[in-house]
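This is what each chain is made of:
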Amino acid sequence: MKRLLICITAIMFGFFSSCSKKEMITHYERPEWLRGNIWQILEERGNFSHFLDGVERAGFREVLDGKTIATVFAPNNEAFEAYFKTKNISNVGQIPTAELSRLIGYHLIYYAYGKERLFDYQPSGSEGYEIRNAGLYYKHRTRSVDSITVEVDKTDGKRKKVFHKDRFLPVFSQQHFNTKGIDAASNYEYFYGAGSWRGSDGFNVSNAAVEEYAIPADNGYVYVVDEVIEPLNTVYDELANNGNYRDFISLYDKFRTFWYDQASSANYAAVGDSLFIVNHGGLPPIASQWSHNGESGYPDYANLAQLSYRAYNVFAPSNAALQGFFNEYFSPYYNTIYDVDMLPIAMVMYNHVYEGNIVFPSEIGKNPDVKTLFNTPIEFNPSTDVQDKAIASNGVYYGLNKVLVPDLFNSVTGPAFRNPRYKMFMYMLRNTGLHQTLSSQDIEFTLFIPEDETLKSTLVGNSYLFWSEGHPLVFGDEGVMVENDDGVLVPWSARQQEVFLSDHIVYGRINSLAEKKVYRTRNPFTYVYTDNGKVYSSATYNMKDTDIETTNIPGNWFNGLSIEPTVSMMADPRSIKGTIIGAETPNNPLNQYSEFAKLLGRAGLLDVGSALSFLFGNRFLLFAPDNATVLQGLANGVFPEDNAQLATYLRSYFISVPDNSLGDYPFPGFGVEGLWNTAQLTGYQQYRQLEVLDQQTRLALKDTDGTVILVSTDFPQLFSDGAVYKISGLLKR
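Residues numbered from 1 in each chain as written. Predicted model: local features only at pLDDT ≥ 70, side-chain atom pairs only at ≥ 80, totals over all residues. Heavy atoms only, no water.

### Brief notes about the nonpolar core
How we decide: We call a set of buried Ala, Val, Leu, Ile, Met, Phe, Trp, Tyr and Cys residues a nonpolar core when their side-chain atoms join them within 4.5 Å. For every residue, the accessible area (1.4 Å probe, protein chains only) is compared with the maximum for its type, and the residue is labelled buried under 20%, exposed over 50%, or partly exposed between those bounds. Every helix listed is a DSSP run of H or I at least four residues long, and every strand listed is a run of E at least two residues long, numbered separately from the N terminus. Contacts are assigned to residue pairs with any non-hydrogen atoms lying within 4.5 Å of each other.
One finds Leu239, Phe248, Val314, Phe409, Phe417, Leu465 and Phe500 to be the most contacted residues of the largest nonpolar core, which totals 73 residues. Among the elements that take part in this core, helix α15 (residues 342-350) stands out by supplying 8 residues, more than any other. Residue contacts for phenylalanine 417: discarding those within four places in its chain leaves Phe330, Leu343, Pro344, Met347, Leu408, Phe409, Met426, Leu429 and His435. If you look at the next biggest cluster of nonpolar residues, it comprises 58 residues, including Phe525, Ala597, Leu650 and Ala723.

Given below as structure tokens:
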């Protein structure tokens, strides 16, 4: 029985195996519609001999022969013969081998794409379809590449091998223009000439129209195109090869750096060699063939979305335009545009490059995404302001007859970015990003800009400010420095720079120093005072022997005033509790409250290590009676004799800012008033209250019994932990 089962099983297995084999043969038989590999198809057609000759000579036959899958854009013989005429040759054999390889390789893109996939390429496939980007993934990797070159890195004098990656080929589909809501023919023909757009039912491939779409082959697809597709340069090379933009490229190259390409070095370099990608420091890398080089750790070739979508759109001013810009903005301070500091030049460069999808003329001034690094729209007239233009392998360029001037040159920051006397202040503006805040079209400012020598004499903490030029050819190596506790110069932190600068930023225009007025600065609870022709920071107001001389910096700054002070406009870093302890000293800024300080000391509220501890470290207001008022109160027996009772009473002169939810100090006309809790505890979570009144021209206090005490019209003295207001009356016990 067992043997019978084995025999039956064997027979059945043989039967099913035979059937399965026949089904597999049938499944993998070449369908009738397949005509062979790409080489065979083109050879059979007989009208592609020039192209196939070029493929053979350039070493790409195995690509067409089926060793890999590919998409081929094949010009026929007529297209090649027209190309030969433009080059004054008669066959591909007359084209140098390296040049031929670049040319033929540009007609071969990786992977096999049918018409629909090229019409609306989606790097994430159907599962990750992005309707808002339909047709916008427009660039495809070809087999056209330049050989490794050697350049000298001017920053270190070393020779470096530069690796050039495969070129990308632009495919412009009707879907691309539909998604952007712009006319395909007029925008494409803006670059390629009248009558060149023939992609209304499909696409154009760079300069070529498609005559026959997606001919299937064993190893991919063939597209017959009406022109030989010329290999495109990078935007950088296009501009470098046009003498009208010599100055733009020369200025851009001031930031030229070499980025070590670890992956390419591992895959393509000889043993011990290193390969580099040309970069331009913090500027967009317009010399790079690829818009992603693996900088983030993600392999360069794998980031198909960024590689196919992102373009470097360069709006390059001509030599004449840059010279005119130099004459207007820099000629009083520099001899030539090449002498201008690198930072303002960088700001100009940033304003002329947009990294995003390729920009067509109908998008200029209309597509809200097309804006500068400073978030301002890129606007010019494509008909009258453009003198040259070209599509490139990594983007596009528009050659302009004008400079797109960043707002920061005409806002209150203008003097800092134009005049090298304010170099340190300029770099701090950039390091903190405040140059963008201060270029607002919606807010007016008064900006105090100290010159470098003033800043170098400024003491911050325990150190003066220093300037380090760093490597003169390396942008970003310079900076503002301070001494640490060991006497070593270290970079001043961006946060500390922001706080420092914010003391110099006043909201609103200070049109007159004669008017007695208080201005808010960008730092909370920090103000600038003006009175009788003088201006005060909180630090200088507290030092009566220090005057700030000011000079209005001439210029039509569109959002305010720029003023040069002879002293940095710093907030007083001292605290009230640390200062009032020594109030008896004649030159102490709180000397006029020394009698009040004595009472605080007698009550145990200024004990070492616990001065004013009842405020728990909060910012506070102190309404302090002056010496004459305190002495009169002592004579009248207002102050309790018992020290504990005195401590309780004195707390009523203090108001905690956060406990009363104050966002501003009270000043006449500010509207900051109300019934506020003092620091005097009267019961469980109950505090004595004091009403502060804004009488527009001065402040007043209303005590619990309705008595009104006027606050002095003198400005309050501001410290790091609060404000001291002078009063000439005493609160009820």
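On we go.
### Structural notes on the packing of aromatic side chains
Keep this limit in mind: Under the pairing criterion, centres of Phe, Tyr and Trp rings, with the six-membered ring standing for Trp, must be within 6.5 Å; the plane angle then separates stacked pairs below 30 degrees from edge-to-face pairs above 60, leaving the rest tilted. Two thresholds decide whether a charge sits over a ring: the Lys NZ or Arg CZ must be within 6 Å of the ring centre and within 35 degrees of the ring normal.
Tallied over the full model, the rule gives 58 aromatic pairs. Ring geometry for phenylalanine 315 and tyrosine 398: centres 5.5 Å apart, planes at 25 degrees, overall stacked. With a gap of 83 residues between them, phenylalanine 315 in strand β12 (residues 311-317) and tyrosine 398 in strand β15 (residues 395-400) connect regions that are remote in the sequence. Judged by relative accessible area, which is 0%, tyrosine 398 ranks as buried. Between phenylalanine 330 and tyrosine 334, the ring centres sit 6.0 Å apart and the planes meet at 70 degrees, which makes this aromatic pair edge-to-face. Members of the aromatic cluster, connected to one another through ring pairs, are Tyr138, Phe172, Phe177, Tyr188, Tyr190, Phe191, Tyr192, Trp197, Phe315, Phe360, Phe380 and Tyr398. Sitting over the face of the ring of tyrosine 213, lysine 115 holds its NZ or CZ atom 4.2 Å from the ring centroid.

### Examining the sheet that holds strand β13 (residues 353-356)
The condition is simple: We treat two strands as partners when DSSP finds at least two bridges between them. Geometry is summarised by axes, namely lines fitted to C-alpha atoms with helices restricted to the contacting stretch, and by angles between N-to-C directions that run from 0 to 180 degrees.
Taken in spatial order, the 4 strands of this open sheet run β13-β12-β15-β14, and their pairing is mixed. Every interior strand has two partners, whereas the edge strands, β13 and β14 (386-392), have only one. With direction set aside, neighbouring strand axes in the sheet form an average angle of 10 degrees. Bridging between β12 and β15 involves 6 bridges; their strand directions are parallel.

### Description of the packing of helix α17 (residues 423-432) against helix α20 (residues 494-502)
Convention followed: If you view the pair so one helix is near and one far, a crossing is left-handed when the near helix is turned anticlockwise from the far one by less than a right angle, and right-handed when it is turned clockwise. Each residue gets one of three labels, nonpolar for Ala, Val, Leu, Ile, Met, Phe, Trp, Tyr, Cys and Pro, charged for Asp, Glu, Lys and Arg, and polar for the others, Gly among them.
Running from N to C, α17 and α20 cross one another at 115 degrees; their axes reach a closest spacing of 9 Å. Note that α17 runs across α20; the crossing there is left-handed. Here Phe425, Met428, Leu429, Asn431 and Thr432 of α17 come into contact with α20, specifically with Ala494, Gln497, Glu498, Phe500 and Leu501. Residue composition of the contact of α17 with α20, grouped by class: 6 nonpolar, 3 polar and 1 charged.

### A short note on the pattern of salt bridges
Worth spelling out the cut-off: Any Lys or Arg side-chain nitrogen found within 4 Å of a carboxyl oxygen on Asp or Glu counts as a salt bridge.
Applying the stated criterion across every chain, the model contains 35 salt bridges. Close ionic contact of aspartate 53 with arginine 57 constitutes a salt bridge, the shortest N to O distance being 3.0 Å. Of this pair, aspartate 53 and arginine 57 both sit in helix α3 (residues 49-58), separated by 4 residues, roughly a single helical turn. The exposure class assigned to aspartate 53 is partly exposed, which follows from its relative accessible area of 29%. One salt bridge in this structure joins glutamate 453 and lysine 456, with 3.7 Å as the shortest N-O distance. Here the residue glutamate 453 and the residue lysine 456 both occupy positions in helix α19 (residues 452-456), the gap between them amounting to 3 residues, near one helical turn. Residues participating in the shared-partner salt-bridge network are Glu56, Arg61 and Asp65.

### Brief notes about the environment of proline 285
Within the element layout of this structure, proline 285 appears in the loop between β11 (275-279) and α13 (304-309). For proline 285, the contacting residues outside a window of four places in its chain are Asn279, Tyr312 and Glu355.

### Quick notes on the packing of α15 against α17
As a reminder of what qualifies: Angles are sorted into four bins: roughly parallel if under 35 degrees, roughly antiparallel if over 145, roughly perpendicular if 65 to 115, and oblique for all others.
For the pair α15 and α17, the least separation of the axes is 10 Å and the interaxial angle reads 40 degrees. Between α15 and α17, the crossing angle belongs to the class labelled oblique. On α17, the residues touching Leu343, Pro344 and Met347 of α15 are Met426, Tyr427 and Arg430. For the contact of α15 with α17, the residue count by class is 5 nonpolar, no polar and 1 charged.

### So, α15
Here is the rule we go by: For this analysis, a polar contact is any N or O atom pair within 3.5 Å, provided that within protein one partner can donate a hydrogen and the other can accept it, and provided that sequence-adjacent residues contribute only side-chain to side-chain pairs.
For α15, a buried count of 9 out of 9 residues is recorded, marking the element as mostly surrounded by other parts of the structure. Residues of α15 that are buried include every one of Met342, Leu343, Pro344, Ile345, Ala346, Met347, Val348, Met349 and Tyr350, and no others. On its buried face, α15 sits against α11 (246-252), α14 (319-329), β13, α16 (414-418), α17 and α18 (434-437). Two or three places before leucine 343, at the opening of α15, aspartate 341 has a side-chain oxygen 2.9 Å from that residue's backbone nitrogen.

From the geometry alone we can't say anything about function, so treat these as descriptive.
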